[in-house]
Amino acid sequence: MKIQYIRVGDYYIPDLTLPEETRPIGKWGRMHREYLKEHKPIQYNCLLLSGKLWTYLADLNQQAQDRLERMIDQMKIAEGVTEELKAADLMAWVQHIGKNVWRV
């Protein structure tokens, strides 16, 4: 990768641009960022200096969120929590949903 420089007054400074990532990194991305900082500082610095950290964390957050939603759906099926139960007995539905979410 070749670095381009621009002249500002009497100085040449690197012409660095950040990637155009608009997705949030979310809870799982923030947790992983802290893990990288603490346990994998070389990988963290490589991602940070290459400008790929935010995209990496946003992808990781999306994967973790998708996995969590899949797990909750599977748990609802295993426990028999359905929309019919919600319509018939809302309190029982809330109790099952709350129990399943906190187990994850």
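Please refer to the structure placed before this passage.
Description of the structure in this document. (Residues numbered from 1 in each chain as written. Predicted model: local features only at pLDDT ≥ 70, side-chain atom pairs only at ≥ 80, totals over all residues. Heavy atoms only, no water.)

### As for the overall build of the protein
- Across its full length, the protein holds 5 helices and 2 strands.
- Each helix (α) and strand (β) of the protein, taken in turn from the N terminus, gives the series β-β-α-α-α-α-α.
- Relative to the compact-globule value of 13 Å for 104 residues, the protein shows a C-alpha radius of gyration of 22 Å, a clear excess of over 25%.
- C-alpha atoms of the protein, sized along the principal axes, occupy 75 × 30 × 20 Å.
- A buried classification covers 17% of the 104 residues belonging to the protein.
- For the protein, the proportion of contacts with a sequence separation of at least 24, taken over those separated by at least 6, is 51%.
- Element-wise, carbon and sulfur atoms account for 58% of the exposed surface of the protein, whose accessible area totals about 8600 Å².
- If you average the places of the 15 positive and of the 14 negative side-chain charges in the protein, the two averages end up 5 Å apart. (Helix = DSSP H or I, 4+ residues; strand = E, 2+ residues; numbered from the N terminus. Rg over C-alpha atoms; globule rule 2.2 N^0.38 Å. Buried < 20%, exposed > 50% of the residue type's maximum accessible area, 1.4 Å probe, protein only. Contact = heavy atoms within 4.5 Å. Areas by Shrake-Rupley, 256 points an atom, 1.4 Å probe, with all protein chains shown as cover. Lys, Arg positive; Asp, Glu negative; His and termini not counted. Charge placed at Lys NZ, Arg CZ, Asp CG, Glu CD.)

### Remarks on a nonpolar patch on the surface
- On the surface, Ile3, Tyr5, Tyr12 and Leu16 cluster together into a nonpolar patch covering about 480 Å² of accessible area.
- Looking at where Tyr5 falls in the secondary structure, it is placed in strand β1 (residues 5-8). (Patch = residues over 30% accessible without salt bridge, like charges linked within 9 Å, V, L, I, M, F, W, Y side chains within 5 Å. Salt bridge = Lys/Arg side-chain N within 4 Å of Asp/Glu carboxyl O.)

### A closer look at the pattern of salt bridges
- In this structure the tally under the stated criterion is 4 salt bridges.
- The closest approach of N and O atoms between Asp59 and Arg23, which form a salt bridge, is 2.5 Å. Of the two residues, Asp59 is situated in helix α3 (residues 53-79) and Arg23 in the loop between β2 (11-14) and α1 (26-39); the sequence distance between them amounts to 36 residues.
- Taking the relative accessible area as the measure of exposure, Arg23 reaches 32% and is therefore partly exposed.
- In this structure, Glu34 and Arg33 form a salt bridge, with 3.9 Å as the shortest nitrogen-oxygen distance.

### Quick notes on the layout of surface pockets
- Here the second largest pocket is characterised by a volume of approximately 180 Å³.
- Along its surface, the second largest pocket is lined by Leu18, Pro19, Glu21, Arg33, Leu48, Gly51, Lys52, Leu53, Trp54 and Leu57.
- The element contributing the most residues to the lining of the second largest pocket is α3, with 3 residues.
- When the residues that make up the lining of the second largest pocket are grouped by side-chain class, the tally is 6 nonpolar, 1 polar and 3 charged. (1 Å grid on protein atoms, 1.4 Å probe; cavity = no way out; pocket = protein on both sides within 12 Å on 5 of 7 lines; lining within 4 Å. Points joined across faces, edges and corners; volume = space filled by probe spheres on them. Nonpolar A, V, L, I, M, F, W, Y, C, P; charged D, E, K, R; others polar.)

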